[in-house]
Amino acid sequence: MYSKPQLEGIILAKSIPELTIYKNPKKQVGYEVRIRVVFRGNEDFLLGIQRSLNQQQIHSKYKEIESKTRNAPVLRITGIENLMLLTDLTPKLPDSKNKWHNFRDVIDIMWTGLHTTQEGLDRLLKLKGVI
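Residues numbered from 1 in each chain as written. Predicted model: local features only at pLDDT ≥ 70, side-chain atom pairs only at ≥ 80, totals over all residues. Heavy atoms only, no water.

Caption draft 1: Summary view of the overall build of the protein. A tally of helices and strands in the protein yields five helices and four strands. Along its sequence from the N terminus, the protein presents helices and strands in the succession α-β-β-α-β-β-α-α-α. Relative to the globule expectation of 14 Å for 131 residues, the C-alpha radius of gyration of the protein, 15 Å, shows essentially globular dimensions. Taking the principal axes of its C-alpha atoms as reference, the protein extends roughly 45 × 35 × 25 Å. When contacts within the protein are restricted to residue pairs at least 6 apart in sequence, long-range pairs at least 24 apart make up 56% of them. Roughly 7,800 Å² of accessible area belongs to the protein as shown, and the carbon and sulfur atoms make up 51% of that amount. Side-chain charges in the protein split into 21 positive and 14 negative, and the spacing between the mean points of these groups amounts to 5 Å. (Helix = DSSP H or I, 4+ residues; strand = E, 2+ residues; numbered from the N terminus. Rg over C-alpha atoms; globule rule 2.2 N^0.38 Å. Contact = heavy atoms within 4.5 Å. Areas by Shrake-Rupley, 256 points an atom, 1.4 Å probe, with all protein chains shown as cover. Lys, Arg positive; Asp, Glu negative; His and termini not counted. Charge placed at Lys NZ, Arg CZ, Asp CG, Glu CD.)

Set out below in structure tokens:
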């Protein structure tokens, strides 16, 4: 539906890269890391993005209702492979929320498996601005 240049612009303007770190005693360093990219908007817009991402071999999940507290549609991209493809597609330009630069570093840390070490977790916490 959207051309590749349009999709790149939409990613820079409307995407919300998210990094969540929470305690999980079952993990080696005691914490679990979750990364994803979220798009919010109306149904037609999100389904158009989803179709365009599918053409780039990037899989996403559309939900009509995001949560009990937010009764609106959402499109999520999860999984390191999908996020790597999305990062490759996203131009290295300033984005509207100024999050993509750090998110690229997060993807690299997770792709190499460093997030399972204390050093990698410390780097993620620093990128997140916690330490």
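Caption draft 2: Representation of the sheet that holds strand S2 (residues 31-40) within the structure. Strand order in the open sheet formed by four strands is S1-S2-S4-S3, and the pairing between neighbours is antiparallel. In this open sheet, the two strands that pair with only one neighbour each are strand S1 (16-23) and strand S3 (61-63). When the angles between neighbouring strand axes are averaged without regard to direction, this sheet yields 30°. Pairing of S2 with strand S4 (residues 74-77) involves four bridges; the strand directions are antiparallel. Each bridged residue has a counterpart across the sheet, and for valine 38 the counterpart in S4 is arginine 76. Packed onto the sheet, helix H1 (residues 4-14) meets S1 and S2 and runs at close to 120° relative to S2. Packing of helix H5 (residues 118-128) onto the sheet brings it into contact with S1 and S2, and relative to S1 it is tilted by some 130°. (Pairing = 2+ DSSP bridges. Axes fitted to C-alpha atoms, helices over the stretch in contact; angles between N-to-C directions.)

Caption draft 3: Seen up close, the layout of surface pockets. Its volume calculated, the largest pocket comes out at about 170 Å³. Along its surface, the largest pocket is lined by Pro17, Glu18, Leu19, Asn98, Lys99, Asn102, Phe103, Val106, Leu127 and Lys128. Mapped by element, the contributors of at least two residues to the lining of the largest pocket are S1, helix H4 (100-112) and H5. Taken together, the residues of the lining of the largest pocket sort by class into five nonpolar, two polar and three charged. (1 Å grid on protein atoms, 1.4 Å probe; cavity = no way out; pocket = protein on both sides within 12 Å on 5 of 7 lines; lining within 4 Å. Points joined across faces, edges and corners; volume = space filled by probe spheres on them. Nonpolar A, V, L, I, M, F, W, Y, C, P; charged D, E, K, R; others polar.)

Caption draft 4: Focus on the nonpolar core. In terms of nonpolar packing, the biggest core is built from 31 residues, with Ile35, Phe39, Ile49 and Leu86 touching the most fellow members. Mapped by element, the contributors of at least two residues to this core are H1, S1, S2, helix H2 (43-55), S4, helix H3 (80-89), H4 and H5. For this core, the element with the highest residue contribution is H4, accounting for six residues. When residues no more than four places from it in sequence are discounted, the contact partners of isoleucine 49 are Tyr2, Leu7, Ile10, Phe39 and Leu75. (Core = buried A, V, L, I, M, F, W, Y, C linked by side-chain atoms within 4.5 Å. Buried < 20%, exposed > 50% of the residue type's maximum accessible area, 1.4 Å probe, protein only.)

Caption draft 5: Representation of H2 within the structure. The terminal C-alpha atoms of H2, which comprises 13 residues, lie 19 Å apart, in line with the 18 Å expected from a rise of 1.5 Å per residue. Along H2, the residues classified as buried are Phe45, Leu46, Gly48, Ile49, Gln50, Ser52 and Leu53. Structurally, the start of H2 carries an N-cap: the backbone nitrogen of aspartate 44 is 3.2 Å from a side-chain oxygen of asparagine 42. Once H2 ends, the next one or two residues include glutamine 57, with phi positive near 65°. (Expected span 1.5 Å × (residues − 1). Polar contact = N/O pair within 3.5 Å; in protein donor to acceptor, adjacent residues only side chain to side chain.)

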